[in-house]
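# Results of the structural survey
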Amino acid sequence: MGPPGSGKGTQGVLVAQAQAVPHISSGAVLRAGASGEVLAQMAAGELIGDDLIAGLMWTRLRDADAARGFVLDGFPRDVEQAGALDAFLQERGEGLDAVVLLEAPRDDLLARMLARAEVEQRPDDNPTTIARRLDVYESETEPLVALYDRRGLLRRVDGAGDPAQIAARLDAALRSGGQAAAPR
Ligand code: AMP
């Protein structure tokens, strides 16, 4: 997890490659299949409904390639989704190994998203929507930091610098481990 522009996508792909598991991005799942109202909500920087995104994620997580693990990117995004993920994993006798938090100053996030806008042409990488997405992150997603910290799952990683530097820090943070507590 991490605010928009923190490098979740880039780093998520690298971790998934290193672990030989799929990288499952809720934003990418939506961009591939969403239409109408959902696309409008995404373009406005709003979260789409919990039930809709959860349904899409469960479908993806049941694919054979996710049977021995996965890297989630962008999901869960609020407390409700985190609870739903716990229930989904518990039912399968699975659980999260770690939750990585990529941290970066707001100015860096803004700069990265504006740079990405030029390359990827994402409709939600414009100044108004970027500001809204950062606010939504703070109000909806940031509460998950405390939740996963209490469980001993959280690994804070400095998201400043180039992707290779960040990847090295992330790798070290995952290796250093930590005792994970049960969901509550
Ligand atoms: P991302 O690619 O993770 O930045 O997501 C792009 C957009 O997709 C977000 O701004 C939301 O509109 C939507 N989205 C992605 N993941 C979720 C989620 N877990 N819950 C609700 N909306 C999501």
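Use the structure listed above.
What you are looking at is a predicted structure, and each value in this text was computed from that prediction instead of being measured.

Calculation notes
Residues numbered from 1 in each chain as written. Predicted model: local features only at pLDDT ≥ 70, side-chain atom pairs only at ≥ 80, totals over all residues. Heavy atoms only, no water. Helix = DSSP H or I, 4+ residues; strand = E, 2+ residues; numbered from the N terminus. Polar contact = N/O pair within 3.5 Å; in protein donor to acceptor, adjacent residues only side chain to side chain. Contact = heavy atoms within 4.5 Å. Core = buried A, V, L, I, M, F, W, Y, C linked by side-chain atoms within 4.5 Å. Buried < 20%, exposed > 50% of the residue type's maximum accessible area, 1.4 Å probe, protein only. Near = heavy atom within 4 Å. Areas by Shrake-Rupley, 256 points an atom, 1.4 Å probe, with all protein chains shown as cover. Nonpolar A, V, L, I, M, F, W, Y, C, P; charged D, E, K, R; others polar.

Next up on the list: the side chain of Thr141. Residue placement: Thr141 occurs in helix 7 (residues 127–141). A polar contact is formed between the side chain of Thr141 and the backbone oxygen of Arg77, at a distance of 2.7 Å. Excluding anything up to four places from it in sequence, Thr141 contacts Met1, Pro76, Arg77 and Val136.

Turning next to the nonpolar core. Within the largest apolar cluster, 18 residues are counted, with the highest numbers of intra-cluster contacts made by Trp58, Leu61 and Leu72. No other element matches helix 4 (residues 50–61), which puts 5 residues into this core. When neighbours within four sequence positions are excluded, Trp58 is seen to be in contact with Phe75, Ala84, Leu85 and Phe88.

Below, the discussion takes up the site of the ligand. Residues in contact with the ligand amount to 16 residues; listed here are only the nearest, Ser26, Glu46, Gly74, Arg77 and Gln81. Contacts to the ligand include Ser26, whose side-chain N or O atom sits 2.7 Å from a nitrogen atom. Within the contact set of the ligand, an oxygen atom lies 2.6 Å away from a backbone nitrogen or oxygen of Glu46. Bound to the protein, the ligand loses 96% of the 480 Å² it would expose on its own. In the shell around the ligand, the residues fall into 6 nonpolar, 4 polar and 6 charged.

The values are spatial; any link to function lies outside them.
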